[in-house]
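# What the coordinates show
Here's the letter readout for the chains.
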Amino acid sequence: MTVATDQQRQFVSPDPGATTALGRALAAAARAGDVVCLWGDLGAGKTHLAKAFGVGLGVTDTITSPSFILMAEYEGRLPLFHIDLYRLVDASDALAGGLIDDRQSAGVTLIEWPDRLGAALPAERLDVIIDGAGDEPRSITIRANGVGPRRYLEVVP
């Protein structure tokens, strides 16, 4: 089920397969320079969605959570920069560590735990907010912040 507004879509994912389909659909709309922020508690499915997004971009490498290395880079239709900020306290750690740089303008940057960036979070971005955990269905809000990310709303199943 999808509920639509001008700036966001609400999607109910009954199972991991539906979340995979959503991630692949979102990847179809991806363009160079996009920033996609994955919000949710531990176990919500952020990394699952990131893996599906990568498959949708044509990434053939195994995508894993970069919790300990902070950023992983993958080749696909567009380069995929997968950042996990869980272990960081704030934006200064991310910026000092070089996690945000000019190379990312050539690809798509997926950020797990984007709240760690605070005011450094890009204003134009796609927010994917996942509510739920365990075997429960997920309520997923896809919110376009800015004009460019609105194209993602058109591909939500």
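Because the structure is predicted, anything quoted here is derived from the model rather than measured.

## Here we look at the overall build of the protein
In terms of helices and strands, the protein carries 4 helices and 8 strands. Counting from the amino terminus, the protein carries its helices and strands in the arrangement β-β-α-β-α-β-β-α-β-β-β-α. The buried share of the protein, reckoned over its 157 residues, is 48%. Within the protein, contacts between residues separated by at least 24 positions form 64% of all contacts whose residues are at least 6 apart in sequence. Accessible surface for the protein amounts to roughly 7,300 Å². Of this, 55% is attributable to carbon and sulfur atoms.

## Details of the confidence of the model for the protein
Summing up the model confidence of the protein, the mean pLDDT is 86 and the portion of residues at 70 or higher is 83%. Mean pLDDT values over the elements of the protein span from 51, in strand β1 (residues 2–4), up to 97, in strand β7 (residues 125–131).

## Some remarks on the packing of helix α1 (residues 16–28) against helix α2 (residues 46–56)
Put simply, α1 and α2 touch, their axes get as near as 7 Å, and they point 45° apart. One element, α1, and the other, α2, form an angle in the oblique class. Between α1 and α2 the crossing geometry is right-handed. On α2, the residues touching Pro16, Thr19, Thr20, Leu22, Gly23, Arg24, Leu26 and Ala27 of α1 are His48, Leu49, Ala52, Phe53, Val55 and Gly56. Grouping the constituent residues of the contact of α1 with α2 by class yields 8 nonpolar, 5 polar and 1 charged.

## Points about the pairing of strand β8 (residues 138–145)
Among the 8 residues in β8, 6 count as buried, and that is most of the element. The sheet contact formed by strand β2 (residues 8–13) and β8 spans 6 bridges and is antiparallel. Across the sheet, the residue bridging to valine 12 is serine 139, located in β8. Examined bridge by bridge, β7 and β8 share 7 bridges and lie antiparallel to one another. Each bridged residue has a counterpart across the sheet, and for isoleucine 130 the counterpart in β8 is isoleucine 140.

Calculation criteria
- Residues numbered from 1 in each chain as written.
- Predicted model: local features only at pLDDT ≥ 70, side-chain atom pairs only at ≥ 80, totals over all residues.
- Heavy atoms only, no water.
- Helix = DSSP H or I, 4+ residues; strand = E, 2+ residues; numbered from the N terminus.
- Buried < 20%, exposed > 50% of the residue type's maximum accessible area, 1.4 Å probe, protein only.
- Contact = heavy atoms within 4.5 Å.
- Areas by Shrake-Rupley, 256 points an atom, 1.4 Å probe, with all protein chains shown as cover.
- pLDDT = per-residue confidence, 0-100.
- Axes fitted to C-alpha atoms, helices over the stretch in contact; angles between N-to-C directions.
- Parallel < 35°, antiparallel > 145°, perpendicular 65-115°, else oblique.
- Left-handed = near helix turned anticlockwise from the far one by under 90°.
- Nonpolar A, V, L, I, M, F, W, Y, C, P; charged D, E, K, R; others polar.
- Pairing = 2+ DSSP bridges.

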